[in-house]
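# Report on the structure
Here is what each chain is made of, one letter per residue.
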Amino acid sequence: MIWINPQKVDNLKSTFPSLKILKSENSVSVEIEKEKLVDFLNYIKQDPEYSFKMFIDFTVVDYPFHKPRFQGVYILYSPDFNERIIVKTWTDETLPSLTPLWKGAKWAEREAYDMFGIKFEGHENLVRMFLWETYPYYPLRKDFPKEGIKDTYLPSLNERENIPSHDYDPYHTAIPTLEDLEITERKRINKKNQIVLNWGPLHPGTHGTIWFLFDLEGETIKECDIILGQLHRGIEKLAEDLTYTQIIPYTDRMDYISALCSNIAYVNAVEKLLKVEPTEKAKWIRTMMAELQRINSHLLWLGTTALDLGALTMFLYTFREREKIMDIIEGIAGIRLNSSFLRIGGVRYDLPEGALDVIKHFINDFPSRIKDYEDLLTKNRIWIKRNKDVGIVTKEDVYQYGLTGIMARSAGVPYDIRYIQPTDAYPEVDFEIPLGTVGDAYDRYLLRMEEMKQSIKIIHQCVQKLEKMKDDKHLATENPYVLPTLQETYYSIEAMVKDFNLRIYGEKAPEGEIYLSGENPRGELGFYIVSKGEGRPYRLRIRSGAFYNLQIFPQLIKGRTVADAVALLGSIDPVVGETDR
């Protein structure tokens, strides 16, 4: 994937003379006054020379000493030309809503209001995205302390008269009361029919702490909204005080079902910012591990979704194979789930002896297991009845909502970051991108099954390549931004000093910005990083594929039953650690 052609972006000045063009090695962005923002965005969306019709992300960067204070950042994609552009504008308080142009802006604007306090004129229902409605602060502003504001009195139960409890602060950060939660619920949906049903946040069918509100007429869903935030941990805020290496474990804990894929997407973005080239061996290890993790994720999806719809056998089958992958990951990365295996410049460990043999055995055995799954489900009349024509997504929906991953490809849109913006060893491996024809839940099942077959094909190529690279380096430690290995630190004073400086002061990234993404099993996971030349990012924005894919759920479920909600949500496959961040 490339950024917009420089000549094309220069031509925009003839129509918008006040446009500022900012070109860098990592991105191309333009800056426009907020009064002309909607006209400009509509122009580059509709004009066939530009065709930026796919919404990717929107966020805000806070500059407290700049007037105006807040910079809005829009990232758009042109499917016709395979180009991206970043559009920026400045404001102190308000911005025009872009929901008339892109429906996917609805949740992004809610999040910007929730975290920064920006109000959006023309937004249909501007409520908070992650926090409760009565919360008075905006956490991603630079003047908001990382530990929060302690304004709620909460005395210790152990405190007695003249006997204070040890080191106990009676004032704490605010927590929502039942009244706060009721206000939040009423702001999301107005009861117009027989009953408002709460589904979640603690229900096995929601696959995580997601709170759904259904306005029901009988068992038919007439209106729907979703309350997120039960797993919100403020990763973007915490990242502002962490070095680039220290952020890696936090990416593990977003999409914890495919932690290695999240690691890889983040580390690739940082390496591009720092101009670090990982070793050739590390690129092939990353690609192989990402595809193992993709199969792992799809197996979990297949087993739990089938279980939701009544097929217990499939759950037992998929967890049998998933356990083998978890053992492989543990043997290579050291930990089964949140391994933080990636490093800037490579990977933490080299492949242990015998790892490739175990992987070869798995990929030789796994195709027969996939056939067992397909024999059980593909022509099963109950499975077809529960999934066929449920949650149909069109190409226009993909562009409007910024749908990525399986959601986009089920609608026939060939949007796969491994193909359009390949990193690591993906430019050198041969694989196909399966596409759907209907866009329903059944198509998404078929695509995930085919994706696992393609992943096996990629892993096989990686194994063949890595067998010839046994003595190659797995970490580019000669680069000044790359941490030395433990052995180098023990035996070299220079390596020890380098390790100390990088861990204490961080990687002094050059001033600038970058947006880079990876193909997570849940879609495009992107990282927008703003650097001020310090050892920590000034702003780290995480573009969650699961967040944007989930946003279309309320539209797709209207007119269907509660039973369909289980099948539809399973086909979207969100992970709340990533949606909430």
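A few points on the structure. Nothing here was measured: the structure is a model prediction, and the numbers come from that model.

### Some details on the side chain of Asp 62
Inspection of the secondary structure assignment puts Asp 62 in strand S4 (residues 54-62). At a separation of 2.7 Å, a polar atom in the side chain of Asp 62 contacts the side chain of Arg 69. Only 2.7 Å separates the side chain of Asp 62 from the backbone nitrogen of Lys 142, close enough to count as a polar contact.

### Observations concerning the side chain of Arg 418
Tracing the sequence through the fold places Arg 418 in helix H14 (residues 417-420). According to the relative accessible area criterion, Arg 418 is buried, its value standing at 7%. What Arg 418 contacts, discounting residues up to four positions off in sequence, is Glu 291, Arg 294, Tyr 426, Phe 431, Glu 451, Ile 458 and Glu 519.

### So, the packing of helix H8 (residues 280-308) against helix H9 (residues 312-333)
Where H8 contacts H9, the two axes come as close as 8 Å, and the packing angle between them is 155°. By the angle between their directions, the pair H8 and H9 is classed as roughly antiparallel. Of the two possible hands of crossing, H8 and H9 adopt the one that is left-handed. Contacts between H8 and H9 pair Met 289, Leu 292, Gln 293, Ile 295, Asn 296, Leu 299, Leu 300, Leu 302, Gly 303, Thr 304, Ala 306 and Leu 307 from the former with Leu 312, Met 314, Phe 315, Thr 318, Phe 319, Glu 321, Arg 322, Ile 325, Met 326, Ile 328, Ile 329 and Ile 332 from the latter. A breakdown of the residues in the contact of H8 with H9 according to their chemical character gives 17 nonpolar, five polar and two charged.

### Side note on the sheet that holds strand S12 (residues 211-217)
One open sheet accounts for three strands, arranged S11-S12-S13; its pairing is antiparallel. Two strands bound the open sheet, and with one partner strand each, they are strand S11 (195-199) and strand S13 (220-227). This sheet shows a mean twist of 25° between the axes of neighbouring strands, independent of strand direction. Summarising the sheet, S12 and S13 pair through seven bridges and their orientation is antiparallel. Each bridged residue has a counterpart across the sheet, and for Glu 217 the counterpart in S13 is Thr 220. Here helix H20 (residues 562-572) sits on the sheet in contact with S11, S12 and S13, set at roughly 35° to S11.

Calculation criteria
- Residues numbered from 1 in each chain as written.
- Predicted model: local features only at pLDDT ≥ 70, side-chain atom pairs only at ≥ 80, totals over all residues.
- Heavy atoms only, no water.
- Helix = DSSP H or I, 4+ residues; strand = E, 2+ residues; numbered from the N terminus.
- Polar contact = N/O pair within 3.5 Å; in protein donor to acceptor, adjacent residues only side chain to side chain.
- Buried < 20%, exposed > 50% of the residue type's maximum accessible area, 1.4 Å probe, protein only.
- Contact = heavy atoms within 4.5 Å.
- Axes fitted to C-alpha atoms, helices over the stretch in contact; angles between N-to-C directions.
- Parallel < 35°, antiparallel > 145°, perpendicular 65-115°, else oblique.
- Left-handed = near helix turned anticlockwise from the far one by under 90°.
- Nonpolar A, V, L, I, M, F, W, Y, C, P; charged D, E, K, R; others polar.
- Pairing = 2+ DSSP bridges.

Everything listed is a geometric property; what it means functionally is a separate question.
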